[in-house]
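# Inside the fold
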Amino acid sequence: MAAGRFVGSRTACLEGATDLCYETIPDVQLCETIPDVTVRQETSPFIQACRREPVPYTPVWYMRQAGRSLPEYRKVREGVSMLDSCTRPDLITEITLQPLRRYDVDAAILFSDIVVPLRAVGIDVDIKAGIGPVVATPVRTSADLGRLRALEPGDVPYVTEAVRMLVAELNGRPLIGFAGGPFTLASYLVEGGPSKNHDKTKALMYGNPSLWHALLGRLADITISFLQIQVAAGASAIQLFDSWVGAVGPDDYRHAILPHTSRIFSALGEEGGGEVRGAIRGVPRIHFGVGTGELLGLMGEAGADVVGVDWRIPLDEAVRRVEPGKALQDNLDPAVLLAPWDVVEERARDVLGRGRTAEGHVFNLGHGVLPETDPAVLARLTDLVHAESVRPEA
Ligand code: CP3
């Protein structure tokens with residue numbers, strides 16, 4: 001269903017080049033716009049669905065499609081820490097491509113982490129196996145804000161290099177860039193690590209609005225820069241993971257978070273596109289969070305083109321909660337993949353059917369692939385989604 005196999009790198013980047021070559025050369029010279037790739041992305045089912053255009057079939061990719069569910073991922077990560085692996089263009093490229101060798105997914109997602117830009121500006125953050133991001137000195141006072149300086153492209157050269165290498169390898173298949181959303185990043189910084197209820201974060205949000213807005217403003221600046229760097233290097237869509245924002249109610253979301261998220265999305269859209277070199281039109285912007293059923297309308301209002309939905313709200317209900325003019329993404333419960341195949345099949349069909357009520361639907365899980373997932377099930381699911389959703393008229 002998807003474009004041909006990406007087997008090598010472009011040999012050169014000539015002005016006006018219209019085709020890709022398949023010879024691998026170690027030292028790839030890259031340009032900022034790749035005309036042929038741009039043209040192909042216009043017809044990628046993933047991009048079409050994000051733009052609510054007719055699709056030949058429902059496109060599919062999976063959050064955490066790269067990662068511990070794949071034995072080849074565990075192998076290349078042996079002896080390399082998570083965050084170190086995110087600073088090595090060769091590893092980023094390899095890990096990003098691994099799931100595409102197994103699954104006929106319609107997009108790749110850059111292998112990185114939401115805390116990568118924080119570490120790049122000097123925050124002492126590490127990812128501890130089985131725990132998640134841990135921040136040695138949490139950010140809790142206005143003096144602490146000084147540690148959150150602006151992010152420059154030179155802080156993350158490995159991201160630029162990896163994105164360019166990937167675009168060259170992907171043969172027109174879209175690469176999704178991403179960043180963490182303001183509440184989720186603030187939570188790791190304020191709590192100092194993963195948190196169940198985000199109490200300290202919410203205490204700051206309720207108790208010291210000026211410090212809260214100053215913190216989210218700085219995080220938004222870092223996020224805008226991190227996303228623009230990925231788009232400038234060739235990412236053809238972006239996803240903002242505000243994974244834990246479901247911890248707040250709609251009124252607080254509107255006043256404490258939405259203004260910052262809106263600024264991020266507008267800086268990435270056509271309206272802010274002047275600074276995004278290489279982006280012909282604004283790239284599709286996807287906005288995802290977990291447990292955000294009550295926030296879906298506002299998450300769309302914040303300026304996303306595509307609103308991500310976890311498994312707690314059926315997609316046809318999500319359609320009613322999101323304003324017209326938005327596509328939806330996701331929402332099979334990742335735990336369903338641990339059940340027998342006939343259950344997976346039935347649930348996937350249900351998601352597809354309800355997804356047909358949306359103006360555009362990108363099939364995905366309602367959160368990341370669980371490490372114990374059998375890759376063979378994901379391969380089979382990918383083919384099922386494509387086969388079941390073929391539009392005869394397309
Ligand atoms: O989706 C993909 O395939 C791209 C890769 C990706 C990673 N992190 C790699 C990763 C993405 C999109 C993220 C985003 C991310 N990181 C989020 C938002 C998405 C979500 O899951 O809600 C969050 C909250 C984080 C923070 C984070 N990083 C957590 C909670 C963990 C898990 C800790 C653990 O060990 O269980 C990480 C580590 C991490 N990021 C792993 C991967 C593949 C696992 C670490 C490893 O393999 O050693």
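It should be emphasised that the depicted structure is a prediction, and the values quoted were computed from it without experimental measurement. (Residues numbered from 1 in each chain as written. Predicted model: local features only at pLDDT ≥ 70, side-chain atom pairs only at ≥ 80, totals over all residues. Heavy atoms only, no water.)

Glancing now at the environment of glutamate 388. Turning to its location among the elements, glutamate 388 is positioned in helix 15 (residues 375–388). A sequence separation of 39 residues divides glutamate 388 from arginine 349, and the C-alpha atoms of the two residues are 7.6 Å apart. Beyond its immediate sequence surroundings of up to four residues, glutamate 388 is in contact with Arg349 and Leu352. Engagement of the side chain of glutamate 388 in a polar contact is seen with the side chain of arginine 349, the distance being 3.0 Å. (Helix = DSSP H or I, 4+ residues; strand = E, 2+ residues; numbered from the N terminus. Contact = heavy atoms within 4.5 Å. Polar contact = N/O pair within 3.5 Å; in protein donor to acceptor, adjacent residues only side chain to side chain.)

Inspection of the secondary structure puts leucine 384 in helix 15. Sequence separation between leucine 384 and arginine 349 is 35 residues; the distance between their C-alpha atoms is 8.6 Å. Discounting residues that sit within four places of it in the chain, leucine 384 has contacts with Trp341, Glu345, Ala348 and Arg349.

It is worth spelling out the pattern of salt bridges at this point. Overall, the coordinates contain 20 salt bridges when judged by the stated rule. Between arginine 52 and glutamate 359 there is a salt bridge; the shortest N-O distance is 3.2 Å. With arginine 52 in the loop between helix 2 (45–50) and helix 3 (71–76) and glutamate 359 in the loop between helix 14 (341–355) and strand 9 (361–362), this pair connects stretches of sequence that are 307 residues apart. Exposure remark for arginine 52: the relative accessible area of 36% places this residue in the partly exposed category. Residue classification places glutamate 359 among the partly exposed positions, given a relative accessible area of 41%. The salt bridge involving aspartate 144 is made with arginine 147; its shortest N-O contact spans 3.4 Å. Look at the salt bridges and you will find they share partners, linking Glu294, Glu317, Arg320 and Arg321 into a network. (Salt bridge = Lys/Arg side-chain N within 4 Å of Asp/Glu carboxyl O. Buried < 20%, exposed > 50% of the residue type's maximum accessible area, 1.4 Å probe, protein only.)

Looking at where threonine 261 falls in the secondary structure, it is placed in helix 11 (residues 250–268). For threonine 261, the contacting residues outside a window of four places in its chain are Pro182, Leu240, Tyr253, His287 and Ala302.

The next thing to look at is the packing of helix 7 (residues 157–170) against helix 10 (residues 209–233). Packing of helix 7 against helix 10 leaves a shortest axis separation of 8 Å and a crossing angle of 35 degrees. Here helix 7 runs over helix 10; the crossing is right-handed. Side by side, helix 7 and helix 10 meet where Val159, Thr160, Val163, Arg164 and Val167 of the first sit next to Phe226, Ile229, Gln230 and Ala233 of the second. (Axes fitted to C-alpha atoms, helices over the stretch in contact; angles between N-to-C directions. Left-handed = near helix turned anticlockwise from the far one by under 90°.)

Each strand in a sheet pairs with another by means of backbone hydrogen bonds, the pair being arranged parallel or else antiparallel. An order of 1-4-5-6-7-8-9 is seen for the 7 strands of this open sheet, with the pairing classed as parallel. Strand pairing shows two members of the sheet lacking a second neighbour, strand 1 (108–109) and strand 9, which therefore form its edges. (Pairing = 2+ DSSP bridges.)

With 5 of 5 residues buried, strand 5 (residues 237–241) lies mostly within the body of the structure. Side chains of strand 5 alternate between two faces, with Ala237, Gln239 and Phe241 and Ile238 and Leu240 buried alike. Here 5 bridges tie strand 4 (residues 175–180) to strand 5, and the two strands are oriented parallel to one another. Of the residues in strand 5, the one forming a bridge with alanine 179 is leucine 240. Relative to strand 6 (residues 285–288), strand 5 runs parallel, the two sharing 4 bridges. Looking at strand 6, one finds that glutamine 239 is bridged to isoleucine 286.

Read these as geometric descriptors, not functional statements.
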